[in-house]
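# Chain and residue survey
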Amino acid sequence: MNNTLIIVGHPTYESSFTTKTITEFLNATPEFLTGSLKIRNLISLYPDYKIDIDAEQDALSWADVVVLQFPFYWYSVPAILKLWMDEVFSYGFAYGKTGNKMNGKKLLLSFSTGGPQEAYAAGARNNFNIEELLFPIKQTSNLMGTQWENPLVSFGMVNISGIESDKTVTVEKAKLHALKLYELCQKA
Ligand SMILES: Cc1cc2nc3c(=O)[nH]c(=O)nc-3n(C[C@H](O)[C@H](O)[C@H](O)COP(=O)(O)O)c2cc1C
């Protein structure tokens, strides 16, 4: 496996079903144990949201493949991951005249939604498909010169306090997601 960096962006990781299942799966892979796969869980590194930009950029410089792992929040990434992007993909690092440090790396979005897949379509509840909703991040990738990989999405993984959901079923689906992600990382 190429050097693979997983950025986990979940503000309430400990109560997550999907993100936690996927992260724990990756944590037990031989590549994690031998060091070619690294995981940076933003909320455990930065519970105060004070991101160590140098440490994050060093981690990115090491990586050939960068995976953003997150729950879909308001049709986008959660605030902690957006903050990480805002601060770490900085001028001179990720873009600008000399900002070529992300150039050529593969970028893979891996995330879960609460909504079912059929809700993500023209005329349906969410009006747009997932690909359309990801355009701002895809353009960020274009600007940085990263290679956009097909996102890996699991729909219908709802985990919202007050909304009934079946944790056992969701965790089983999340394990399948984790396996697919692992295989994609091995191929990337
Ligand atoms: C603040 C917030 C915003 C959310 N926004 C969306 C959304 O825009 N679309 C969607 O399908 N699900 C949305 N959800 C549902 C989450 O995507 C879902 O609960 C999550 O992917 C489950 O993963 P987890 O178990 O790792 O938390 C939202 C949940 C929260 C708490």
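Structure: see above.
The structure contained in this document is the topic of the report that follows. Treat the numbers as computed from the prediction; the structure is a model and nothing was measured.

## Quick notes on the overall build of the protein chain
If you tally the helices and strands in the protein chain, you get 8 helices and 6 strands. Ordered by position in the sequence, the α and β elements of the protein chain form the string β-α-α-β-α-α-β-α-β-α-α-β-β-α. The globule rule puts the C-alpha radius of gyration for 188 residues at 16 Å, and the 16 Å found for the protein chain is close to it. Here the C-alpha coordinates of the protein chain stretch approximately 50 × 40 × 35 Å along the principal axes. Taken over 188 residues, the protein chain has a buried fraction of 29%.

## Remarks on the site of the ligand
Around the ligand, the surrounding shell holds 18 residues, and the nearest of these are S16, T19, P71, G114 and G115. Split by residue class, the shell around the ligand holds 9 nonpolar, 9 polar and no charged.

## Quick word on the nonpolar core
Grouped together as the largest cluster of nonpolar side chains are 35 residues, with contacts concentrated most on I6, I7, V66, V67 and L81. At the level of secondary structure, the elements contributing two or more residues to this core comprise β1 (4-8), α1 (18-27), β3 (65-71), α5 (79-88), β4 (106-112) and α8 (167-187). No other element matches β3, which puts 5 residues into this core. Setting aside its immediate chain neighbours within four residues, I7 contacts R40, L42, V66, V67, L68, Q69 and W84.

## Regarding the packing of α1 against α8
Contact pair α1 / α8: the axes reach a minimum separation of 8 Å and the direction vectors enclose 45 degrees. One element, α1, and the other, α8, form an angle in the oblique class. As for how α1 packs across α8, the hand of that crossing is right-handed. Residue-level inspection shows T18, T21, I22, F25 and L26 of α1 in contact with α8, the latter providing T170, V171, A174, K175, H177, A178, L181 and Y182. Here the contact of α1 with α8 is built from residues that sort into 8 nonpolar, 4 polar and 1 charged.

## A few points about α8
The first and last C-alpha atoms of α8 sit 30 Å apart over 21 residues, in line with the 30 Å expected at 1.5 Å per residue. Within the span of α8, buried status applies to A174, H177, A178, L181 and C185. Take α8 and look down its axis: the buried residues cluster within an arc of 110 degrees, on one side only. Counted as exposed and oriented over 90 degrees from the buried face of α8: T168, V169, E172, L176, L179, E183 and K187. Elements that come into contact with the buried residues of α8 comprise β1, α1, β2 (37-41), β3, β4 and β6 (152-154).

## Comments concerning the pairing of β1
A large share of β1 lies buried, amounting to 5 of its 5 residues. Residues of β1 alternate between two faces, with T4, I6 and V8 on one and L5 and I7 on the opposite face, all of them buried. Sheet topology places β1 next to β2; 5 bridges connect them, and they run parallel. Each bridged residue has a counterpart across the sheet, and for L5 the counterpart in β2 is K38.

## Notes on the packing of helix α4 (residues 53-62) against α5
Axes are the key here: two packed helices are described by the angle between their axes and the distance separating the axes. Running from amino to carboxyl end, α4 crosses α5 at an angle of 85 degrees, the nearest separation of the two axes being 10 Å. Comparing their axes, α5 and α4 come out roughly perpendicular. Touching I53, E56, Q57 and L60 of α4 are W84, E87 and V88, all from α5.

## Some thoughts on the pairing of β4
Most of β4 sits out of view: 6 of its 7 residues are buried. Between β3 and its parallel partner β4, the chain crosses via α5, and the hand of that crossover is right-handed. As paired strands, β4 and strand β5 (residues 147-148) are joined by 2 bridges and run parallel to one another. Within β5, the position partnered with L107 by the bridge is W148. Judged from the 3 bridges that link them, β4 and β6 form a sheet pairing that is parallel. Each bridged residue has a counterpart across the sheet, and for S112 the counterpart in β6 is S154.

Cut-offs used in this document
Residues numbered from 1 in each chain as written. Predicted model: local features only at pLDDT ≥ 70, side-chain atom pairs only at ≥ 80, totals over all residues. Helix = DSSP H or I, 4+ residues; strand = E, 2+ residues; numbered from the N terminus. Rg over C-alpha atoms; globule rule 2.2 N^0.38 Å. Buried ≥ 20, exposed ≤ 12 C-beta atoms within 10 Å, placed from the backbone. Near = placed C-beta within 6 Å. Nonpolar A, V, L, I, M, F, W, Y, C, P; charged D, E, K, R; others polar. Core = buried A, V, L, I, M, F, W, Y, C linked by C-beta atoms within 7 Å. Contact = placed C-beta atoms within 7 Å. Axes fitted to C-alpha atoms, helices over the stretch in contact; angles between N-to-C directions. Parallel < 35°, antiparallel > 145°, perpendicular 65-115°, else oblique. Left-handed = near helix turned anticlockwise from the far one by under 90°. Expected span 1.5 Å × (residues − 1). Arc of directions from axis to C-beta. Pairing = 2+ DSSP bridges. Right-handed = clockwise from strand over helix to strand, strands pointing away.

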